[in-house]
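Below, each chain spelled out in residue letters.
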Amino acid sequence: MAESFFEALIMLFFAATCIENDSLSFALECSQLRPSSVFKRAARRASFREMARCQACLAVLALLVCSASSFQRSRLINARGAVGSVRLFEMRTEAAGELLAERKDALREAIAAYSACVKQMEELEAAEEAADQTDEKRPKKGLLGAESVASRRSQVSSDMEQLRDTITAAIEALAPFNPTGAPLRGWGGFQGSPPEECELGGVWSLEYTDAADATFKRGDRGEAVTFQLVDPIKRNFVNAVNFVKGKGKLRGFRVIVKAKAKNAKEVALSFQRVVLLRKSRFPRLFGKITIPFPGIRIVTAIGRLLAYLRGGQNTKGPGFEVLFLDEDTRIHRSYDGLYFVHSRLSQEPALAD
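Definitions and limits used
- Residues numbered from 1 in each chain as written.
- Predicted model: local features only at pLDDT ≥ 70, side-chain atom pairs only at ≥ 80, totals over all residues.
- Heavy atoms only, no water.
- Helix = DSSP H or I, 4+ residues; strand = E, 2+ residues; numbered from the N terminus.
- Areas by Shrake-Rupley, 256 points an atom, 1.4 Å probe, with all protein chains shown as cover.
- Salt bridge = Lys/Arg side-chain N within 4 Å of Asp/Glu carboxyl O.
- Buried < 20%, exposed > 50% of the residue type's maximum accessible area, 1.4 Å probe, protein only.
- pLDDT = per-residue confidence, 0-100.
- Contact = heavy atoms within 4.5 Å.
- Core = buried A, V, L, I, M, F, W, Y, C linked by side-chain atoms within 4.5 Å.
- Patch = residues over 30% accessible without salt bridge, like charges linked within 9 Å, V, L, I, M, F, W, Y side chains within 5 Å.
- Polar contact = N/O pair within 3.5 Å; in protein donor to acceptor, adjacent residues only side chain to side chain.
- Phe/Tyr/Trp six-rings, centres within 6.5 Å; stacked < 30°, edge-to-face > 60°.
- Lys NZ or Arg CZ within 6 Å of the ring centre and 35° of its normal.

### Section: the overall build of the chain
Line of reasoning, step 1. Looking only at helices and strands, one finds seven helices and nine strands in the chain.
Line of reasoning, step 2. Working note: accessible area of the chain is about 22600 Å², and carbon and sulfur atoms make up 56% of it.

### Points about the pattern of salt bridges
As a working rule, side chains carrying opposite charge can pair if their charged atoms are close by.
Line of reasoning, step 1. Counted under the stated rule, the structure contains nine salt bridges.
Line of reasoning, step 2. Between Lys 104 and Asp 326 there is a salt bridge whose closest N-O contact spans 2.7 Å. Of this pair, Lys 104 sits in helix α4 (residues 48-132) while Asp 326 sits in the loop between β7 (319-325) and β8 (329-334), and the two are 222 residues apart along the sequence. Side by side, Lys 104 and Asp 326 carry an identical accessibility label, which is buried.
Line of reasoning, step 3. Across the pair Glu 321 and Arg 333 runs a salt bridge, and its minimum N-O distance is 3.4 Å.

### A closer look at the confidence of the model for the chain
Line of reasoning, step 1. Of the residues in the chain, 59% have a pLDDT of 70 or more, and the chain-wide mean is 76.
Line of reasoning, step 2. Looking at the elements of the chain, mean pLDDT is at its lowest for helix α2 (residues 24-31), recorded as 44, and at its highest for strand β9 (residues 339-345), recorded as 97.
Line of reasoning, step 3. For the stretch residues 1-6, pLDDT sits under 50, and the model shows four contacts to residues farther than four places along the chain or on other chains.

### Notes on the environment of Val 118
Line of reasoning, step 1. Tracing the backbone through its elements, the reader meets Val 118 in helix α4.
Line of reasoning, step 2. Take Val 118: its relative accessible area is 27%, and that puts it in the partly exposed class.
Line of reasoning, step 3. Note: C-alpha distance between Val 118 and Ser 157 (39 residues apart in sequence) is 8.9 Å.

### Considerations on the nonpolar core
Line of reasoning, step 1. In terms of nonpolar packing, the biggest core is built from 22 residues, with Leu 107, Ile 167, Ile 171 and Ile 331 touching the most fellow members.
Line of reasoning, step 2. Within the residue set of this core, elements represented by two or more residues are α4, α5 (139-174), β7 and β9.
Line of reasoning, step 3. The element that contributes the greatest number of residues to this core is α4, accounting for eight residues.
Line of reasoning, step 4. Filtering out sequence-adjacent residues up to four positions away, Leu 107 remains in contact with Ile 167, Ala 170, Ile 171, Leu 174 and Ile 331.
Line of reasoning, step 5. Counting residues in each nonpolar core, the second largest holds 20 residues, with Phe 237, Phe 243, Leu 269 and Leu 325 among its members.

### Some remarks on a nonpolar patch on the surface
Line of reasoning, step 1. Residues Phe 282, Leu 285 and Phe 286 make up a contiguous nonpolar surface patch of about 350 Å² in total accessible area.
Line of reasoning, step 2. Tracing the sequence through the fold places Leu 285 in helix α6 (residues 283-286).

### Thoughts on the side chain of Arg 254
Line of reasoning, step 1. As for its position among the elements, Arg 254 is in strand β4 (residues 250-261).
Line of reasoning, step 2. Residue class for Arg 254 comes out buried when judged on its relative accessible area of 10%.
Line of reasoning, step 3. A distance of 2.9 Å separates the side chain of Arg 254 from the side chain of Asn 242, its partner in a polar contact.
Line of reasoning, step 4. Ignoring anything within four residues of it in the chain, the contact list for Arg 254 reads Phe 227, Val 238, Asn 239, Ala 240, Val 241, Asn 242, Arg 273, Val 274, Val 275, Leu 277, Glu 348 and Leu 351.

### Let's talk about the environment of Val 322
Line of reasoning, step 1. Considering the arrangement of structural elements, one finds Val 322 in strand β7.
Line of reasoning, step 2. Here the alpha-carbon distance between Val 322 and Ala 264, two residues 58 residues apart in the chain, equals 9.0 Å.
Line of reasoning, step 3. Aside from chain neighbours lying at most four places away, what touches Val 322 is Pro 183, Lys 265, Ile 331 and His 332.

### Let's talk about the packing of aromatic side chains
Line of reasoning, step 1. Applying the stated rule across the entire model yields four aromatic pairs.
Line of reasoning, step 2. For the pair Tyr 114 and Tyr 208, a centre-to-centre distance of 5.2 Å together with 85° between the ring planes defines the contact as edge-to-face. Pair noted here: Tyr 114 is in helix α4 and Tyr 208 is in strand β1 (residues 202-209), with a separation of 94 residues, a long-range link.
Line of reasoning, step 3. Members of the aromatic cluster, each reached through a chain of ring pairs, are Trp 187, Phe 237 and Phe 320.
Line of reasoning, step 4. Over the aromatic face of Trp 204 sits the side chain of Arg 330, whose NZ or CZ is 5.3 Å from the ring centroid.

As structure tokens, this is what we get:
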């Protein structure tokens, strides 16, 4: 009895080692035992009850092997299903990435066309000013030239209006693909995250806006470089202008705006002060001149009054909502309904000497 039971245990051990191979015959070959020899030994050395027990052990082994085989097949099916789901997710992600890239390209192309129209309009305005100063001895030629410039200005203005609508539609189409769900996370420790994790931080350049008073035109001071410094630690937006070359001692200026996170996508703005950067023999004394803004309540009241006069519906005061943010593009919409598109710069532009 002991030997037949020992042989059954041996068969059980080798059956367990062959579960992954899904073969009972493999276990029997590894144990170098044949079912007929087991039955013969059981009949010769043990009673019928012992042989029945041995047959029961073999039956259990067969059930175990069948169960293991079924489990392995189901596991394989589940694994194939999981691989298919992962592949489907990857395909959808790739398709979404391609669509995102296409919509960003469409927005950039529209902005580039709009910028070309703006440059053309500035050239026409300069030509119109030159035409106004034409010698009075040739009034007819000057008049014809002025009419031609006015006609071209009208056409360019119409093109700019159409491009503004195109850009607005491109922004609205791109906004649902915003990869940053909480762009203000970490803003001054907002939502318990450190400011270093806030993706808004950095140096940004304004590429487009439909706000009439947000762009800086070239004047007597010459060319200017405009950019924005965003500091999540100090919770500041700094609108900066550096004059490349120009007349006077003014090198540039900074408009300091304090921002408070209202939620994960919106900020309320509070204009703090203007800092003038000057050329001076005594830079520590006269190199910077700070002009503070009035209190936030006065500024908010003025902003609401201006919005009302323009027919707007802004009752929140200065602020905006981030519509899109990734590694190189930032888009937000102010509470007045105006759009701003920024591109990230690698470093802050230097001041001219």
